[in-house]
Amino acid sequence: KQTVSTVGSDMSDQFSIRNAGSGATVMTFFRSGYHGLNMGLDTDNVFRIGGYSDGANNYRLQSDTAGNLTIRG
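Residues numbered from 1 in each chain as written. Predicted model: local features only at pLDDT ≥ 70, side-chain atom pairs only at ≥ 80, totals over all residues. Heavy atoms only, no water.

### Observations regarding the confidence of the model for the protein
This is how the line gets drawn: pLDDT is a per-residue confidence score from the predictor, ranging from 0 to 100. Only runs of H or I of at least four residues qualify as helices and only runs of E of at least two qualify as strands under DSSP, and these elements are numbered from the N terminus.
Here the protein averages 82 in pLDDT, while 79% of its residues score no lower than 70. When pLDDT is averaged over each helix and strand of the protein, the minimum, 60, is found for strand β1 (residues 3–7) and the maximum, 95, for strand β7 (residues 69–71).

Laid out in structure tokens, this is it:
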């Protein structure tokens, strides 16, 4: 799996995380010993926030390419 992370470039000041392989592109936020949360674009092109401490395939927020937004709770 090849992952590319970029901060800034010749033409912009953007932060970019890319997956050059076939998996999802995910950024994980983790408080050691407390809680973790994933945020990223899954292989089905749905943006998701959740998983990790919530358990696999349990999401707090999902937004798909049709414009549907699903928020847990």
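Now that the structure is up, let's keep going.
### Quick word on the environment of Thr 28
We count it as follows: When checking whether two residues touch, look at their non-hydrogen atoms; a contact exists if any pair is within 4.5 Å. Each polar contact in these results corresponds to two N or O atoms within 3.5 Å; when the atoms are within protein, one needs to be able to donate a hydrogen and the other to accept it, and residues that are neighboring in sequence are counted only if both atoms are side-chain atoms.
Take Thr 28: it is sitting in strand β3 (residues 25–31). Taking the C-alpha atoms as reference points, Thr 28 and Gly 51, 23 residues apart in sequence, are found 9.7 Å from one another. Setting aside anything within four residues of it in sequence, one finds Thr 28 in contact with Leu 37, Asn 38 and Tyr 52. Separated by 2.8 Å, the side chains of Thr 28 and Asn 38 make a polar contact.

### Here we look at the pairing of strand β6 (residues 59–63)
This is how it is decided: Whether two strands pair comes down to DSSP finding at least two bridges between them.
Where strand β5 (residues 47–50) and β6 come together, 4 bridges link them in antiparallel fashion. For Phe 47, the partnering residue across the bridge sits in β6 and is Ser 63. When β6 meets β7, the two strands line up antiparallel, connected through 3 bridges. For Gln 62, the partnering residue across the bridge sits in β7 and is Thr 70. Once β6 ends, the chain turns through 5 residues before running back antiparallel as β7, passing Gly 67 with a positive phi of about 95°.

### Brief notes about unusual backbone geometry
Positive phi is not limited to glycine here, since Asn 45 has a value of about 65°. Assignment of secondary structure puts Asn 45 in the loop between β4 (35–41) and β5. Positive phi, normally seen in glycine, also occurs at Tyr 52, with a value near 50°. Summarising the element assignment, Tyr 52 is placed in the loop between β5 and β6.

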